[in-house]
Amino acid sequence: MELSLSALPLSPWALAWGALLVALSAAAAGVWAWQATFWQRRGVPTLPMDPLLGHSRDRLLLRVSAGEQFARLYRRLAPHPFGGVFQFLRPTFVVRDPELIKQIMVKDFSHFEERGLFVNEKTNPLSAHLFSLDGPRWRKLRVKLTPTFTSGKMKMMFGLMHGCALELCAFLRDAARRRHVVEMKDVVAKFTTDVIGTCAFGLQFNSLADPDSEFRRMGKAVFEPTLLLAIRQVVGTFIPQIGNLIKFPPKNVSDFFLGAVKETVDFREKNNIKRNDFMQLLIELRNKAELLDDYENTELTGTQNGSVKVNNTQNGTSKDSDDLELTDSLLAAQAFVFFVAGYETSATTMGFALHELAMNLDVQDKLQAEIDSVLSEHNGEFSYESIQKMSYLHKVVEETLRKYPPLPNHFRRCTVPYTIPGTKVRLEKGTRVFIPILGLQMDPAYFPHPHKFDPERFSEENKATRPRFAYLPFGEGPRNCIGMRFGQLQTKLGLAVLLHSYRFTPCDQTLRQVRFEPKAFFTASRGGNWLRLTARH
Ligand code: HEM
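Residues numbered from 1 in each chain as written. Predicted model: local features only at pLDDT ≥ 70, side-chain atom pairs only at ≥ 80, totals over all residues.

Novice: How should helix 16 (residues 328-359) be read in this particular structure?
Specialist: Working note: α-helix, 3.6 residues per turn, so residues spaced by three or four point in the same direction. The end-to-end C-alpha distance of helix 16 is 47 Å, a good match for the 46 Å that 32 residues give at a rise of 1.5 Å each. Within helix 16, 28 of the 32 residues are buried, which leaves it mostly tucked inside the rest of the structure. (Helix = DSSP H or I, 4+ residues; strand = E, 2+ residues; numbered from the N terminus. Expected span 1.5 Å × (residues − 1). Buried ≥ 20, exposed ≤ 12 C-beta atoms within 10 Å, placed from the backbone.)

Novice: Before we go on, may I ask you to explain the UniProt feature "binding site: heme" (unreviewed entry) in the protein chain in this structure?
Specialist: Annotation from UniProt places "binding site: heme" (unreviewed entry) at Cys 481. Along the polypeptide, Cys 481 turns up in the loop between helix 21 (460-463) and helix 22 (484-501). (UniProt positions renumbered as here; feature names shortened; annotations may be inferred.)

Novice: Is there a simple way to think about the sheet that holds strand 4 (residues 409-413) in this case?
Specialist: Strands pair in a sheet through their backbones, by hydrogen bonds, and they do so in one of two ways: parallel or antiparallel. As summarised here, the arrangement of the four strands in space is 1-2-7-4, forming an open sheet in which the pairing is mixed. The sheet terminates laterally at strand 1 (82-87) and strand 4, the two strands that pair on one side only. Across the sheet, the mean angle from the axis of one strand to that of its neighbour is 30°, orientation sign disregarded. As paired elements, strand 4 and strand 7 (residues 432-436) share five bridges and run antiparallel to each other. Note that in strand 7 the partner of Arg 412 across the bridge is Val 433. Lying on the sheet, helix 4 (residues 66-76) is in contact with strand 1, strand 2 (90-95), strand 4 and strand 7; it crosses strand 7 at an angle near 90°. Relative to strand 2, helix 5 (residues 98-107) is tilted by about 115°, and along the sheet it contacts strand 1, strand 2, strand 4 and strand 7. (Pairing = 2+ DSSP bridges. Axes fitted to C-alpha atoms, helices over the stretch in contact; angles between N-to-C directions. Contact = placed C-beta atoms within 7 Å.)

Novice: What is the right way to look at the pairing of strand 7 in this model?
Specialist: Within a regular beta strand, the side chains point alternately toward one face of the sheet and then the other, so they alternate between its two faces. Of all the five residues making up strand 7, four are buried; the element is thus mostly covered by neighbouring parts of the structure. The sheet contact formed by strand 2 and strand 7 spans three bridges and is parallel. Paired with Val 94 across the two strands is Phe 434, which belongs to strand 7.

Novice: What am I meant to see in the sheet that holds strand 3 (residues 181-183) here?
Specialist: Across the sheet, which stays open at both edges, the three strands sit in the order 3-9-8 with antiparallel pairing between neighbours. The sheet is open, and its two edges are formed by strand 3 and strand 8 (502-505), each paired on a single side. Strand after strand, the sheet turns through a mean of 45° between neighbouring axes, direction not considered. Relative to strand 9 (residues 530-535), strand 8 runs antiparallel, the two sharing four bridges. Across the sheet, residue Arg 503 finds its bridge partner in strand 9, namely Thr 534. Each of strand 3 and strand 9 is contacted by helix 9 (residues 184-201), which is oriented at about 60° to strand 3, the strand it contacts most.

Novice: Hey, could you run me through helix 14 (residues 278-286) in this one?
Specialist: When helix 14 is considered as a whole, its buried residues turn out to be Phe 278, Met 279, Leu 281, Leu 282, Ile 283 and Leu 285. Buried residues belonging to helix 14 abut helix 6 (135-145), helix 9, helix 13 (251-270) and helix 16.

Novice: Would you mind showing me how to read the packing of helix 16 against helix 19 (residues 391-403) here?
Specialist: The angle between the axes and the distance between the axes are what describe a pair of packed helices. Orientation of helix 16 relative to helix 19, taken along the N-to-C sense of each, is 105°, at an axis distance of 9 Å. What the angle tells us is that helix 16 and helix 19 run roughly perpendicular. Along its contact with helix 16, which presents Thr 349, Phe 352, Ala 353 and Glu 356, the element helix 19 presents Val 396, Val 397, Thr 400 and Leu 401. For the contact of helix 16 with helix 19, the per-class residue count stands at five nonpolar, two polar and one charged. (Parallel < 35°, antiparallel > 145°, perpendicular 65-115°, else oblique. Nonpolar A, V, L, I, M, F, W, Y, C, P; charged D, E, K, R; others polar.)

Novice: What should I look at first to understand the site of the ligand in this one?
Specialist: Among the 25 residues in the neighbourhood of the ligand, the closest are listed as Gly 342, Gly 475, Cys 481, Gly 483 and Gly 487. When contributions to the shell around the ligand are tallied by element, the ones reaching two or more residues are helix 16 and helix 22. Looking at which element gives the most residues to the shell around the ligand, the answer is helix 16, with seven residues. Counted by class, the shell around the ligand contains 13 nonpolar, 10 polar and two charged residues. (Near = placed C-beta within 6 Å.)

Novice: Quick question: what am I supposed to make of the nonpolar core here?
Specialist: Note that soluble globular proteins tend to have their nonpolar side chains buried in a common cluster. Ala 200, Ala 335, Phe 336 and Ala 496 are the most contacted members of the largest nonpolar core, which totals 81 residues. In terms of residue count, helix 16 provides more of this core than any other element does, 18 residues in total. Counting residues in each nonpolar core, the second largest holds 34 residues, with Phe 82, Leu 438, Phe 447 and Tyr 471 among its members. (Core = buried A, V, L, I, M, F, W, Y, C linked by C-beta atoms within 7 Å.)

Novice: I would appreciate a short explanation of unusual backbone geometry in the present structure.
Specialist: For the peptide bond that leads from Ala 78 to Pro 79, omega is 5°, which places it in the cis range. One can find Pro 79 in the loop between helix 4 and strand 1. Phi at Leu 62 is positive, roughly 55°, even though this residue is not glycine. With respect to the helices and strands, the residue Leu 62 is situated in the loop between helix 3 (57-60) and helix 4. Given 15 C-beta atoms within a 10 Å radius, Leu 62 is considered partly exposed.

Novice: Is there a simple way to explain the environment of Met 218 in this structure?
Specialist: As for its placement among the helices and strands, Met 218 is situated in helix 10 (residues 214-223). Measuring from C-alpha to C-alpha, the distance between Met 218 and Leu 489 comes to 24 Å, with 271 residues separating the pair along the chain. Excluding residues within four positions of it along the chain, Met 218 makes contact with Val 253, Phe 256 and Phe 257.

Novice: Where do I start with the environment of Tyr 74 in this structure?
Specialist: Note on placement: Tyr 74 falls in helix 4. Sequence separation of Tyr 74 and Gly 163 is 89 residues, and the distance between their C-alpha atoms is 43 Å. Excluding residues within four positions of it along the chain, Tyr 74 makes contact with Val 94, Arg 96, Pro 436, Gly 439 and Leu 440.

So, in structure tokens, the structure goes:
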């Protein structure tokens, strides 16, 4: 039988469109096949991958958290010092070797200064904060904001923190008397919210006393592991332009926050109120007061030994920061990031520490013995000095941050073409670089039996046996966590006050094996953190 075009039920137009579609698909397949060889062409070790979803299938399907995703890639790329993967179609350079990490975060920091996050001050004023900003604006802000977290400032804020810790203790008294079961992550998040409220804003958020506290509601609205937050995170990692169409923080949180900061600033200015807190510092910065007089060993370049180079007002740092105008919305954005970064990270750490202490009662006993003994040498009082004396408490917090780093990956963007030392591998400008914190901190090569909770890993002798850059819960170098001292202090104080009064034991709802919540922004356990409480005294 003869087959002619006119015998087919398709018009010539349909055929032309069909042919075009086939040609486009073939071209796309060709481009993708070429892109898939991206890392091979650069001599970078890589892994077999899903032809469509790259190395991120389980993450895209929300089967694993961001920390677990990169911890797996970290393990699969062994024994290479680095490797190349794809997040969807996006090439990402993964660093495994602690020496190379030091090079990137500290020594050659000027090539990797940026995180490459999306900032749009016009449509989303709160996006212009220290964590997201890059380039000269980040540098200038970092210089300006660093004095907020000196140890002198921490000492001054201790009394305010202690007040909140006592409220936390009182809040749990009844539950302990009745040996109740409590979801501790939520309780400690109320405590850290109140600490940030009073230390940073001079406001009583009353999250512990008032179940309807607006700041607690807003804090929850930012971090509640919802599907929308998860989609924003996942899509934002792969295609930032699309991910950022979903506004973060949500509009109601943004409006609330901009309003609260404006009200606080106006009230203080009208009534000439000055407080020793973060808000005061921001107001003074906005009014261009000279604030760079109490710098403490901070500057924005790395040194050969891995530390941050010291600089001070005499050698020009202040000049650099003077020409940044701190507008009202820029001020609010910094207040916002201090609020969100300040409360959730420490609450996460406290929650996981209590979980591990309940699961390891010998560690809890030892810690309680230390707290009792140090307090008896300090007239039974918690003070900045007595907390510093609790060395086992410090180890417990360090070990908690090892197993459960609140931020499980570091990420940087290459800003100047860079050749990996000792190799011919060249990273182009714009390459994304990931440092898998969870992967490193659970690597048995550095931390034998990594699932075991063992604070003694952080004795001076044991620390000396492993590379320093295999443990990075606060980051390293000029872009490390600016609030580290604050976070450590509130975490340790909260834990010490709680453990002095109460004993924490597992209950039926306690998860024997923690599973990470894939939808959460920070490391979080699925199903909460339920523990039984009893009074010690
Ligand atoms: C246990 C508590 C905390 C942990 C584990 C933590 C962890 C981190 C990490 C891993 C980074 C990224 C570092 C890097 O990329 O090298 C970071 C950055 C940051 N953290 Fe924290 N953090 C904590 C507490 C706090 C507190 C209390 C504040 C503020 C009150 C804070 C404010 C910030 C800010 C503003 C940045 C961005 C710094 C910059 O890019 O210059 N953090 N934090």
